[in-house]
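Chains, contacts and geometry: an overview
The chain contents come next:
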Amino acid sequence: MKASYIALFAMVVVLLLAEAQVSKAVTCSPTQLSSCVSAITSSSPPSQLCCSKIKEQKPCLCQYLRNPNLKKFINTPNARKVATTCGTPFPKC
């Protein structure tokens, strides 16, 4: 009987962890980074919104870098500076 409770508890933990991973899924949308445009195109510091969006979109950055239309904006010294300022390491894809 005790073993069945342990097995049930283990299953619940596994399901909760799986649910947590699903809820962390990010929808990759480069428009989410629109709050960073002024920081990337000028020397102005990034806003808190920009930094939170960069952190949120971090799993998507390599995908953006592979897109020739986006790469020219994302793979720039200013974009790297913004990412560093926000505490998000620039990805090595």
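Residues numbered from 1 in each chain as written. Predicted model: local features only at pLDDT ≥ 70, side-chain atom pairs only at ≥ 80, totals over all residues. Heavy atoms only, no water.

If you walk through the whole model with that rule in mind, you get 4 disulfides. One disulfide in the model links Cys36 with Cys50; its S-S distance is 2.1 Å. Measuring handedness by torsion sign, the sulfur bridge of Cys36 and Cys50 sits at about 115° and is right-handed. Within this pair, whereas Cys36 is found in the loop between helix H1 (2-23) and helix H2 (37-41), its partner Cys50 is found in helix H3 (residues 48-57), the two being separated by 14 residues in sequence. Grouping residues by exposure puts Cys36 and Cys50 together as buried. Between the sulfur of Cys51 and that of Cys86 lies a disulfide, 2.0 Å long from S to S. (Disulfide = S-S within 2.5 Å. Helix = DSSP H or I, 4+ residues; strand = E, 2+ residues; numbered from the N terminus. Buried < 20%, exposed > 50% of the residue type's maximum accessible area, 1.4 Å probe, protein only.)

A few words on the confidence of the model for the chain. Mean pLDDT for the chain: 79, with 74% of residues reaching 70 or above. Across the chain, H3 holds the top mean pLDDT of 96, while H1 sits lowest at 36. (pLDDT = per-residue confidence, 0-100.)

Considering all chains together, one arrives at 1 salt bridge under this definition. For Lys53, the salt bridge goes to Glu56, with nearest N and O atoms at 3.8 Å. You can see Lys53 and its partner Glu56 sitting in helix H3, 3 residues apart, about one turn around the helix. The class for Lys53 is buried, based on a relative accessible area of 19%. For Glu56, a relative accessible area of 35% puts it in the partly exposed group. (Salt bridge = Lys/Arg side-chain N within 4 Å of Asp/Glu carboxyl O.)

This next bit is on the side chain of Gln57. Of note, Gln57 is situated in helix H3. Reaching out from Gln57, the side chain makes a polar contact with the backbone nitrogen of Ser29 at a distance of 3.2 Å. Among the polar contacts made by the side chain of Gln57, one reaches the side chain of Tyr64 at a distance of 2.4 Å. Look past the residues within four positions of Gln57 in its chain and what remains in contact with it is Val26, Thr27, Cys28, Ser29, Gln32, Leu33 and Tyr64. (Polar contact = N/O pair within 3.5 Å; in protein donor to acceptor, adjacent residues only side chain to side chain. Contact = heavy atoms within 4.5 Å.)

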